[in-house]
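# Results of the structural survey
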Amino acid sequence: MLNYLWMAMLILGLLIGAATGNMQNISNAIVESAQDAVDLCITMLGIMAVWTGVMRIARKAGLLEQLTKLLRPVMRFLFPNLPENHAAGEYISTNCVANILGLGWAATPAGLKAMEALGRLEDDRRAGNAVGAVRKPGMASNEMCTFLILNISSLQLIPVSIIAYRSQYGSANPAAIVGPAILATAASTAVAVIFCRLMDRPAFMRERK
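Remember, predicted model here, so these are calculated numbers, not experimental data. (Residues numbered from 1 in each chain as written. Predicted model: local features only at pLDDT ≥ 70, side-chain atom pairs only at ≥ 80, totals over all residues. Heavy atoms only, no water.)

## Brief notes about the overall build of the protein chain
- From N to C terminus, the protein chain includes nine helices and zero strands.
- Counting from the amino terminus, helix and strand elements in the protein chain follow one another as α-α-α-α-α-α-α-α-α.
- On C-alpha atoms alone, the protein chain measures out to a radius of gyration of 22 Å, which is more than a quarter above the 17 Å that the 2.2 N^0.38 rule sets for 209 residues.
- Across its three principal directions, the C-alpha atoms of the protein chain cover 70 × 40 × 30 Å.
- Of all 209 residues assigned to the protein chain, the portion counted as buried reaches 29%.
- Once local pairs closer than 6 in sequence are excluded, the contacts in the protein chain between residues at least 24 apart make up 65%.
- With an accessible surface of roughly 13,400 Å², the protein chain has 67% of that area assigned to carbon and sulfur atoms.
- Computing the positive centroid from 18 side-chain charges and the negative centroid from 13, the protein chain places the two 9 Å apart. (Helix = DSSP H or I, 4+ residues; strand = E, 2+ residues; numbered from the N terminus. Rg over C-alpha atoms; globule rule 2.2 N^0.38 Å. Buried < 20%, exposed > 50% of the residue type's maximum accessible area, 1.4 Å probe, protein only. Contact = heavy atoms within 4.5 Å. Areas by Shrake-Rupley, 256 points an atom, 1.4 Å probe, with all protein chains shown as cover. Lys, Arg positive; Asp, Glu negative; His and termini not counted. Charge placed at Lys NZ, Arg CZ, Asp CG, Glu CD.)

## Here's the deal with the side chain of Thr-185
- You can see Thr-185 is positioned in helix α9 (residues 178-208).
- Looking at Thr-185, its side chain comes within polar contact range of the main-chain oxygen of Ala-181, at 2.7 Å.
- For Thr-185, the residues in contact, after removing those within four places along its chain, are Ser-153, Ser-154, Leu-155 and Gln-156. (Polar contact = N/O pair within 3.5 Å; in protein donor to acceptor, adjacent residues only side chain to side chain.)

## Topic: the packing of helix α3 (residues 63-70) against helix α5 (residues 87-100)
- One can describe the packing of α3 onto α5 by two numbers: an axis separation of 9 Å at closest approach and a directional angle of 100°. With respect to α5, the axis of α3 lies roughly perpendicular. When α3 is examined against α5, the residues Leu-64, Leu-67 and Thr-68 are found in contact with a partner set consisting of Ser-93, Thr-94 and Val-97. (Axes fitted to C-alpha atoms, helices over the stretch in contact; angles between N-to-C directions. Parallel < 35°, antiparallel > 145°, perpendicular 65-115°, else oblique.)

## With respect to a nonpolar patch on the surface
- Nonpolar side chains collect at one region of the surface, where Met-1, Leu-2, Tyr-4, Leu-5, Trp-6 and Met-9 lie side by side and expose about 810 Å² of accessible area between them.
- Take Met-1: it is sitting in the segment before α1 (2-20).
- Residue Met-1 is classed as exposed on the basis of its relative accessible area of 72%. (Patch = residues over 30% accessible without salt bridge, like charges linked within 9 Å, V, L, I, M, F, W, Y side chains within 5 Å. Salt bridge = Lys/Arg side-chain N within 4 Å of Asp/Glu carboxyl O.)

## Considering the side chain of Thr-189
- Relative to the elements of secondary structure, Thr-189 occurs in helix α9.
- On the basis of relative accessibility, which here comes to 18%, the residue Thr-189 falls in the buried class.
- Residue contacts for Thr-189: discarding those within four places in its chain leaves Ser-153, Ser-154 and Leu-155.

## Things to note about α5
- Over its 14 residues, α5 runs 20 Å from end to end, which matches the ideal 20 Å to within 8%, given 1.5 Å per residue.
- The element α5 is extensively covered by neighbouring structure, given that ten of its 14 residues are classed as buried. (Expected span 1.5 Å × (residues − 1).)

## Considering the nonpolar core
- Counting 29 residues, the largest nonpolar core has Phe-79, Leu-82, Ile-92 and Leu-118 as the members making the most contacts within it.
- Contributions of two or more residues to this core are made by α2 (23-61), α4 (72-78), α5, α6 (104-128), α7 (142-152) and α8 (160-168).
- The element contributing the most residues to this core is α6, with six residues.
- Apart from the residues lying within four places of it in its own chain, the contact partners of Leu-82 are Ala-88, Gly-89, Ile-92, Leu-118, Leu-121, Arg-125 and Glu-143. (Core = buried A, V, L, I, M, F, W, Y, C linked by side-chain atoms within 4.5 Å.)

## Brief notes about the packing of aromatic side chains
- Across all of its chains, the model carries zero aromatic pairs by this definition.
- We note Arg-197 situated over the ring of Phe-77; from NZ or CZ to the ring centre the distance is 5.3 Å. (Phe/Tyr/Trp six-rings, centres within 6.5 Å; stacked < 30°, edge-to-face > 60°. Lys NZ or Arg CZ within 6 Å of the ring centre and 35° of its normal.)

In structure tokens, the structure reads:
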């Protein structure tokens, strides 16, 4: 659907430009936009490389492991049916830490591995008819849904991507977005946590009966 919308807007813009005699301006805008896109991609590639490297260093130095331990009480609250020391817990914690630091690129691999681990956990539960198992094959588990919602609404202390965009386009103070971003993402994360716990509680109570 989005592809059709974009195509319609492009065609409409070209038709209006041709009808109003502004085809030269449209051609110049296309060339300038293409150049800006390439410049932005190069800038973001450099930032991604730097922060992904920082994450690898933090992992090897044991910093991520320490942060993961600090998040264990939060993980137990959000994922009460997740087995202790399960691989998914480490991946989820790593993803959350990366998102909190604004490193969405570094968070993606951990998020994919977390979903794979949660999928295997659900398969094991279904095979053994364990507590917390989803009854229909192919249906996302409570842990999967919770993780996805948290990942989308994640708290960010340092919105690296937005700061990079603002810097690329000449902002006088690219980091001015930090305060509003913390408030906005803190609110979205709080709403996500409340929603997940409220929606998960009836299913959890039914499984316990």
